[in-house]
Amino acid sequence: MTQQEIFEARVNKKLIDYDNTTWIITDTFSDEDGIARLFTSTLDGKVKYADVPFAKLKLA
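Residues numbered from 1 in each chain as written. Predicted model: local features only at pLDDT ≥ 70, side-chain atom pairs only at ≥ 80, totals over all residues. Heavy atoms only, no water.

*Asks:* Before we move on, can you summarise the overall build of the protein with the specific residues and values?
*Replies:* Along the protein, the regular secondary structure elements total one helix and five strands. When the elements of the protein are put in sequence order from the N terminus, they spell out α-β-β-β-β-β. Relative to the globule expectation of 10 Å for 60 residues, the C-alpha radius of gyration of the protein, 11 Å, shows essentially globular dimensions. The principal-axis extent of the C-alpha atoms belonging to the protein is close to 35 × 20 × 20 Å. A total of 60 residues make up the protein; the buried ones form 25% of that total. Taking contacts inside the protein between residues at least 6 apart in sequence as the whole, the part at least 24 apart equals 29%. Put simply, the protein shows about 4,300 Å² of open surface, and 48% of that area lies on carbon and sulfur atoms. (Helix = DSSP H or I, 4+ residues; strand = E, 2+ residues; numbered from the N terminus. Rg over C-alpha atoms; globule rule 2.2 N^0.38 Å. Buried < 20%, exposed > 50% of the residue type's maximum accessible area, 1.4 Å probe, protein only. Contact = heavy atoms within 4.5 Å. Areas by Shrake-Rupley, 256 points an atom, 1.4 Å probe, with all protein chains shown as cover.)

*Asks:* If you had to explain the pairing of strand β3 (residues 35–41) to someone new, which residues and values would you point to?
*Replies:* Bridge count for strand β2 (residues 21–29) against β3 is five bridges, and the pairing is antiparallel. Directly across from T28, in β3, lies its bridge partner A36. In this sheet, strand β4 (residues 47–53) lies alongside β3 in antiparallel orientation, the contact comprising seven bridges. Paired with S41 across the two strands is V47, which belongs to β4. Joining the antiparallel neighbours β3 and β4 is a turn of five residues, in which G45 adopts a positive phi near 85 degrees. (Pairing = 2+ DSSP bridges.)

Here it is as structure tokens:
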């Protein structure tokens, strides 16, 4: 995803698909590739976070 798409997904709380899981973007970091911090909750109620390069993300 592009930086603009990431920004719009974060602002509009759009769901993101990464690693066969649906996530929400909670933060972004600037570096060469751009990193998004993702948040999801599992079926057993646990919270998971992941820091993932923009290029590996897509809208769910």
